[in-house]
Amino acid sequence: ALFLGLFLGRSRGIPIILVIGIFLDFFIGKKIGTSAIMLACVVLIAGYFEQNFSKDSRITILLMTAGVTLIYEVGMYLLNIIFVGTTLEILPFMKILLIETLYNVILTIILHPLIQKLGYCIEETFKESEYLQDIFNL
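Residues numbered from 1 in each chain as written. Predicted model: local features only at pLDDT ≥ 70, side-chain atom pairs only at ≥ 80, totals over all residues. Heavy atoms only, no water.

Draft legend 1. Inspection of the nonpolar core at higher detail. Counting 19 residues, the largest nonpolar core has L2, L6, I17, F49, M64 and Y72 as its most contacted members. At the level of elements, α1 (2–28), α2 (34–52) and α3 (58–83) are the ones that each hand at least two residues to this core. Sort the elements by how many residues they give to this core and α2 lands first, with seven residues. Not counting chain neighbours up to four residues away, the residues in contact with Y72 comprise S35, M38, L39 and V42. (Core = buried A, V, L, I, M, F, W, Y, C linked by side-chain atoms within 4.5 Å. Buried < 20%, exposed > 50% of the residue type's maximum accessible area, 1.4 Å probe, protein only. Helix = DSSP H or I, 4+ residues; strand = E, 2+ residues; numbered from the N terminus. Contact = heavy atoms within 4.5 Å.)

Set out below in structure tokens:
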């Protein structure tokens, strides 16, 4: 979701991530729509980051990854408490949150060059298609 928000922006990223989120909920979720909502929030935040921060800085990307992981997981936990009736257990949740955040940051460190190349490739593809669409709409 962070990737889509950074390289596709909000307007293109949100519809894509909503579909992905609904599929995730359908196959592995407890309630349909919770992942879609939280992933859309991540894309919104990433769209803000894309406008105000550099996508080329590894430190910035790592901080963004940690931040959106925290937001996503806390949001999912709260939505599961509200909609599913999950019991509130702070200490186990904090352990899982720390592990998932570290895991995502480590994956980002390892995959950053690949993610960056793929992101710029996708970004260029969408810019070219917009350019062609503008030409043919004249």
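That was the structure; now back to the text.
Draft legend 2. Summary view of the packing of aromatic side chains. For the coordinates displayed, the defined rule picks out three aromatic pairs. Taken together, a centroid distance of 6.4 Å and an interplanar angle of 10° make the contact between F23 and F27 stacked. With a gap of four residues between them, F23 and F27 both fall in helix α1, about one helical turn apart. Their ring planes at 15° and their centres at 4.1 Å tell us that Y77 and F93 sit as a pair that is stacked. With Y77 in helix α3 and F93 in helix α4 (residues 90–136), the pair connects residues that are 16 residues apart, well separated along the chain. The residues Y77 and F93 share a single accessibility class, namely buried. Each member of the aromatic cluster is reached from another via a ring pair, and the members are F23, F26 and F27. (Phe/Tyr/Trp six-rings, centres within 6.5 Å; stacked < 30°, edge-to-face > 60°.)

Draft legend 3. Fine view of α2. The end-to-end C-alpha distance of α2 is 28 Å, a good match for the 27 Å that 19 residues give at a rise of 1.5 Å each. Buried residues along α2 sit in contact with α1 and α3. (Expected span 1.5 Å × (residues − 1).)

Draft legend 4. Looking closely at a nonpolar patch on the surface. A cluster of nonpolar side chains, I16, V19, I20, I22, F23, L24, F26, F27, I28 and I32, forms an exposed patch at the surface whose accessible area comes to about 1000 Å². Checked against the element boundaries, L24 lands in helix α1. (Patch = residues over 30% accessible without salt bridge, like charges linked within 9 Å, V, L, I, M, F, W, Y side chains within 5 Å. Areas by Shrake-Rupley, 256 points an atom, 1.4 Å probe, with all protein chains shown as cover. Salt bridge = Lys/Arg side-chain N within 4 Å of Asp/Glu carboxyl O.)

Draft legend 5. Representation of the environment of Q51 within the structure. Inspection of the secondary structure assignment puts Q51 in helix α2. Sequence-wise, Q51 and I82 are 31 residues apart; in three dimensions their C-alpha atoms are separated by 33 Å.

Draft legend 6. Just the environment of V84, in detail. You can see V84 is positioned in the loop between α3 and α4. Separated by 71 residues in the primary sequence, V84 and G13 place their C-alpha atoms 27 Å from one another.

Draft legend 7. Expanded view of α1. Spanning 27 residues, α1 covers only 20 Å between terminal C-alpha atoms, well under the ideal 39 Å at 1.5 Å per step. G9 marks the point of greatest bend in α1, at about 135°. (Bend = angle between axes of the 7 residues up to and from the residue.)

Draft legend 8. Spatial organisation of the packing of α2 against α3. Two elements in contact, α2 and α3, have axes whose closest approach is 9 Å; the angle formed by their N-to-C orientations is 150°. By the angle between their directions, the pair α2 and α3 is classed as roughly antiparallel. For the crossing formed where α2 meets α3, the hand is right-handed. Across the interface between the two elements, T34, S35, I37, M38, L39, V42, I45 and F49 of α2 pack against M64, V68, I71, Y72, G75, M76, L79 and F83 of α3. Of the residues assigned to the contact of α2 with α3, the class counts are 13 nonpolar, three polar and no charged. (Axes fitted to C-alpha atoms, helices over the stretch in contact; angles between N-to-C directions. Parallel < 35°, antiparallel > 145°, perpendicular 65-115°, else oblique. Left-handed = near helix turned anticlockwise from the far one by under 90°. Nonpolar A, V, L, I, M, F, W, Y, C, P; charged D, E, K, R; others polar.)

Spatial relationships are all this shows, so hold off on functional conclusions.
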